[in-house]
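Close look at the chain arrangement
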Amino acid sequence: SDIHVSRHFTREFYGQLFEQVNQLESDVIALTGDLADLDPVPDWVVKLYGQLTAPSGIYFILGNHDVRKSQPAKFRQALVKEGLVDLGKQVLRQEIAGTHVDWIGNERPWSDADPGFRQSSPAVFSIVLAHSPDQFGWAQQHQVDLLLAGHMHGGQIQVPGIGPIVGPSRDGVTYSEGCFRRGPTTMHVTRGAGGLVPLRLNCAPEISRLEIRRAT
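The sections below set out a description of the structure shown in this document. Position numbers for residues count from 1 along each chain, tracking the sequence in the order it is written. Where totals are concerned, whole chains, interfaces and linings use all residues; where local detail is concerned, this predicted model gives features only for residues with pLDDT of at least 70, and gives and counts side-chain atom pairs only at 80 or more. In computing side-chain values, all of the structure's heavy atoms are included and hydrogens and water are not.

**Thoughts on the overall build of the protein chain**
This is how it is decided: Helical segments are the DSSP runs of H or I of at least four residues, strand segments are the runs of E of at least two, and each set is numbered from the N terminus. The globule rule is 2.2 Å times the number of residues to the power 0.38, and the radius of gyration it is compared with is taken over C-alpha atoms. For the exposure calls, accessible area comes from a 1.4 Å probe over protein chains only, and a residue counts as buried if that area is under 20% of its type's maximum, exposed if over 50%, partly exposed in between. Contacts are residue-level and defined by heavy atoms, with any inter-residue pair within 4.5 Å sufficient.
Along the backbone of the protein chain there are five helices and 11 strands. Taken against the 2.2 N^0.38 rule, which gives 17 Å for 216 residues, the C-alpha radius of gyration of the protein chain at 16 Å falls within 12% of a compact globule. With the principal axes as the frame, the protein chain shows a C-alpha extent of 45 × 45 × 35 Å. Relative to its 216 residues, the protein chain shows a buried fraction of 49%. Within the protein chain, residue pairs in contact and separated by at least 24 positions form 62% of the contacts whose partners lie at least 6 positions apart.

**Let's talk about unusual backbone geometry**
Cis peptide bonds are those with omega within 30 degrees of zero, and the linkage from Asp39 to Pro40 qualifies with 0°. Its location among the elements puts Pro40 in the loop between strand E1 (29-32) and helix H2 (43-50). For the bond running from Arg108 to Pro109, omega is 5°, close enough to zero to count as cis. Inspection of the secondary structure assignment puts Pro109 in the loop between strand E5 (99-106) and strand E6 (124-130).

**Regarding the environment of Ala149**
Examined against the element boundaries, Ala149 turns out to sit in strand E7 (residues 146-149). Its relative accessible area of 2% is what places Ala149 among the buried residues. Sequence separation of Ala149 and His188 is 39 residues, and the distance between their C-alpha atoms is 6.3 Å.

**As for the environment of Asn202**
We apply this condition: Pairs of N or O atoms within 3.5 Å make up the polar contacts considered here, provided that, within protein, one atom can donate a hydrogen while the other can accept it, and that residues adjacent in sequence are counted only when both atoms are side-chain atoms.
Mapped onto the elements of the fold, Asn202 is located in the segment after strand E11 (185-189). The contact partners of Asn202, leaving out residues within four places of it in the chain, are Gln158 and Pro160. A distance of 2.8 Å separates a polar side-chain atom of Asn202 from the backbone oxygen of Gln158.

**Some thoughts on the sheet that holds E1**
Filter applied, for reference: Pairing between two strands requires that DSSP report at least two bridges joining them.
The parallel open sheet is built from three strands, whose spatial order is E1-E2-E3. Whereas interior strands pair on both sides, the edge strands pair on one side only; in this sheet they are E1 and strand E3 (85-86). Two elements, E1 and strand E2 (residues 58-61), share four bridges in a ladder whose sense is parallel. Bridge pairing in E2 links Thr32 to Ile61.

**Observations concerning empty space enclosed by the protein**
Applied cut-off: Only protein atoms enter the 1 Å grid used here, on which a cavity is any set of points holding a 1.4 Å probe that cannot leave and a pocket is any open set flanked by protein within 12 Å on both sides along at least five of seven lines; residues with an atom within 4 Å of a point are listed as lining. Grid points are joined across faces, edges and corners, and a volume is the space filled by probe spheres set on the points. Gly counts as polar in this scheme, as do all residues outside two lists: the nonpolar Ala, Val, Leu, Ile, Met, Phe, Trp, Tyr, Cys and Pro, and the charged Asp, Glu, Lys and Arg.
One pass over the structure, following the stated rule, counts one cavity of 30 Å³ or more. Of the voids in this model, the largest cavity is the one considered here, and its volume is about 30 Å³. For the largest cavity, the full set of lining residues is Gly88, Gly105, Asn106, Glu107, Ser111, Ala113 and Pro115. Per-class residue counts for the lining of the largest cavity are two nonpolar, four polar and one charged.

Next up, the structure:
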């Protein structure tokens, strides 16, 4: 999440970042927005995302920085052409390791598009990609199993004894990073792998790898 491809870092940095993601050999790769800050987005950025590999798919939504571009639809189409799956306006069901999974995208509040998701059956595991943890309440109302979010950058600066101090959320810094459980929904908020400002304190960028296991 929050890769924010820009000229603040070199192409080599982003290449190494994406290589590390592929080395994890994950079943699925989920991108939860703020993918690029260059406008228009150069071809090399789109090709970079096209290099990601995962046998069960690479799913993405756009974040607030993405939808504010002059041609966000063109950026979407370019990513889809590279083999990525756009969840901005659709719900997809697939089978992974013998489990039926519903993939849902929620780009609110920056997009008015209806996620189009209604509560799944108990036999289906639901995963929502949302850029902001502000959609936690929505996910609970819809009985979502897992919500993946970013946007917070871990608070950007964390002060020992105080914690995160920057929180672009209606809940402030409450959901800056980590796992949270409320009702039927678990939410994971990643600190993200990049940023426009090359400065963080006590909350280093991260690539998040999650392992999902059946309840016993």
